[in-house]
Amino acid sequence: MSHPSASSVPLEWGALRRPRGTVLDNLREMVHEQFEYHELLLTIARRDMLLRYKQTVMGFGWAIFMPVLNTIIFSVIFMRVAPIDTGMPYPVFAFAGLLPWNFFASSLRFSVTSLTGNVALVTKVYFPRELFPFSAVLVSLVDFAVAFSVLIAMMVYYHMGVTWAALFLPVVLLVQVMFTAGIALLLSMANLFYRDVKYLFEIVLSLWMFATSVVYPIDRVGGRLAAVLKLNPMTPIIDGYRAVLLRGTLPDAHAFGYATAVSALVLCVGWFAFHRSEFRFAENI
């Protein structure tokens, strides 16, 4: 199927795509479009990946360098300055948390400006605009896969074997991808309507990291604060990685089930809100 070119589609194209029909009709259209435009998604992701590492010396090395550097910094803090017991070597504990967190943070950083950074395409050619935030998630997933090799090397160094529980790893990754994609859709849309979102986002992301079990066990926090922090779905997700890879057990059923339900809800709400607002994107560029 040939898609319309930029020169053949009027600027008012977005206004003609106002969602109609029932919720189920919209859901069918959303899913159908992802299959129809899957090649375009891969093309955009390939372009974004080339742009991300264009004119850099390290290239994919940056995907490894940042989590390794942060692991060294936090290892000094939590092994020398304020030691904590994690039940395993702290460096591998920290890296196993920083790896999925960097995937999450990187996806959101690139998705928040994914619409405003592609003005010509958003205003002229029709295709599902969610391909832009989805592309940001896909490119960050490639970085995640590259940096994952370091975690494997660390597990070998610390003599930490893999058990049958590692078979559950794709499920943990899928839940994180759902949650990340849902937040990415909401952020990219919000930044299109309110440009100060990208500045507030960095503050929220920094606070969010320390409210998540990234570099310390969240169960060390007590009182009401602990109850609030447990509402954060990223903690069960990151703990899920540690459980299946480092501890050789399945994730906590209650906590991970909660994270899965929240992730599915965030993706559905974010995607549907994005789809329903898509016809207004061109006029807000």
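Residues numbered from 1 in each chain as written. Predicted model: local features only at pLDDT ≥ 70, side-chain atom pairs only at ≥ 80, totals over all residues. Heavy atoms only, no water.

**Student:** Now, about the overall build of the protein chain: what can you tell me, with residues and values included?
**Tutor:** Regarding its fold elements, the protein chain presents 12 helices and zero strands. Scanning the protein chain from its N terminus toward the C terminus, one meets helices and strands in the order α-α-α-α-α-α-α-α-α-α-α-α. Seen through its principal axes, the protein chain has C-alpha atoms that stretch 60 × 45 × 40 Å. Within the protein chain, the proportion of its 285 residues that are buried is 48%. Working note: accessible area of the protein chain is about 14,600 Å², and carbon and sulfur atoms make up 69% of it. (Helix = DSSP H or I, 4+ residues; strand = E, 2+ residues; numbered from the N terminus. Buried < 20%, exposed > 50% of the residue type's maximum accessible area, 1.4 Å probe, protein only. Areas by Shrake-Rupley, 256 points an atom, 1.4 Å probe, with all protein chains shown as cover.)

**Student:** Lay out the environment of N102 with the relevant residues and their values.
**Tutor:** Relative to the elements of secondary structure, N102 occurs in helix α4 (residues 90–111). On the accessibility criterion, N102 (22% relative accessible area) is partly exposed. Distance in space between the C-alpha atoms of N102 and I152 is 17 Å, their sequence separation being 50 residues. Look past the residues within four positions of N102 in its chain and what remains in contact with it is M66 and P67. (Contact = heavy atoms within 4.5 Å.)

**Student:** Could you give an account of the packing of aromatic side chains, naming the residues involved and the relevant values?
**Tutor:** Applying the stated rule across the entire model yields 17 aromatic pairs. Geometrically, the ring pair formed by F78 and Y90 is tilted, given 5.7 Å between the ring centres and 45° between the ring planes. Taken as a pair, F78 in helix α3 (residues 61–81) and Y90 in helix α4 lie far apart in primary sequence, 12 residues in all. Residue class for Y90 comes out buried when judged on its relative accessible area of 4%. With centroids separated by 6.3 Å and ring planes inclined at 70°, the aromatic side chains of W101 and W208 adopt a geometry described as edge-to-face. Of this pair, W101 sits in helix α4 while W208 sits in helix α8 (residues 197–210), and the two are 107 residues apart along the sequence. Considered together, W101 and W208 belong to a single accessibility category, that of buried residues. Linked through ring pairs, F74, F78, Y90, F93 and F210 together constitute an aromatic cluster. In this structure, R242 is placed above the aromatic ring of F93, and the distance from its NZ or CZ to the ring centre is 3.6 Å. (Phe/Tyr/Trp six-rings, centres within 6.5 Å; stacked < 30°, edge-to-face > 60°. Lys NZ or Arg CZ within 6 Å of the ring centre and 35° of its normal.)

**Student:** Describe the side chain of T180, and please don't skip the residues or the numbers.
**Tutor:** Within the fold, T180 resides in helix α7 (residues 169–193). On the accessibility criterion, T180 (0% relative accessible area) is buried.

**Student:** Quick one: what's the story with helix α2 (residues 38–52), residue by residue and with numbers?
**Tutor:** Given a rise of 1.5 Å per residue, 15 residues ought to cover 21 Å, and the 21 Å separating the end C-alpha atoms of α2 matches this to within 8%. Within the sequence span of α2, burial applies to L41, I44, A45, D48, M49 and R52. Seen along its axis, α2 keeps its buried residues to an arc of 135°; they face one direction. Away from its buried face by more than 90 degrees, α2 exposes E39, L50 and L51. Elements in contact with the buried residues of α2: α4 and α6 (131–157). (Expected span 1.5 Å × (residues − 1). Arc of directions from axis to C-beta.)

**Student:** Describe the side chain of E278, listing the residues and the values that go with them.
**Tutor:** Its place among the elements puts E278 in the loop between α11 (253–277) and α12 (281–284). Nearest to the buried, unbridged E278 among oppositely charged side chains is R129, at 4.3 Å. Not counting residues up to four positions away in its chain, the partners in contact with E278 are Y126, F127, P128, R129 and E130. (Lys, Arg positive; Asp, Glu negative; His and termini not counted. Salt bridge = Lys/Arg side-chain N within 4 Å of Asp/Glu carboxyl O.)

**Student:** Describe the pattern of salt bridges, with residues and values.
**Tutor:** Counted according to the given criterion, the structure contains four salt bridges. The residue R52 makes a salt bridge to D143 at a minimum N-O spacing of 2.8 Å. Linking R52 in helix α2 with D143 in helix α6, this pair joins segments that are 91 residues apart in sequence. By the burial criterion, R52 is buried, and D143 matches it.

**Student:** A description of the nonpolar core should follow, citing residues and the corresponding values.
**Tutor:** One recurring pattern in soluble globular proteins is that nonpolar side chains are buried together. Membership of the largest hydrophobic core comes to 76 residues, with the highest contact counts inside it found for W101, L151 and V215. Of all the secondary structure elements, the ones that give two or more residues to this core are α2, α3, α4, α6, α7, α8, α10 (234–247) and α11. The leading source of residues in this core is α4, at 13 residues. Ranked by size, the runner-up nonpolar core spans five residues in total, among them M49, Y53, A63 and V139. (Core = buried A, V, L, I, M, F, W, Y, C linked by side-chain atoms within 4.5 Å.)

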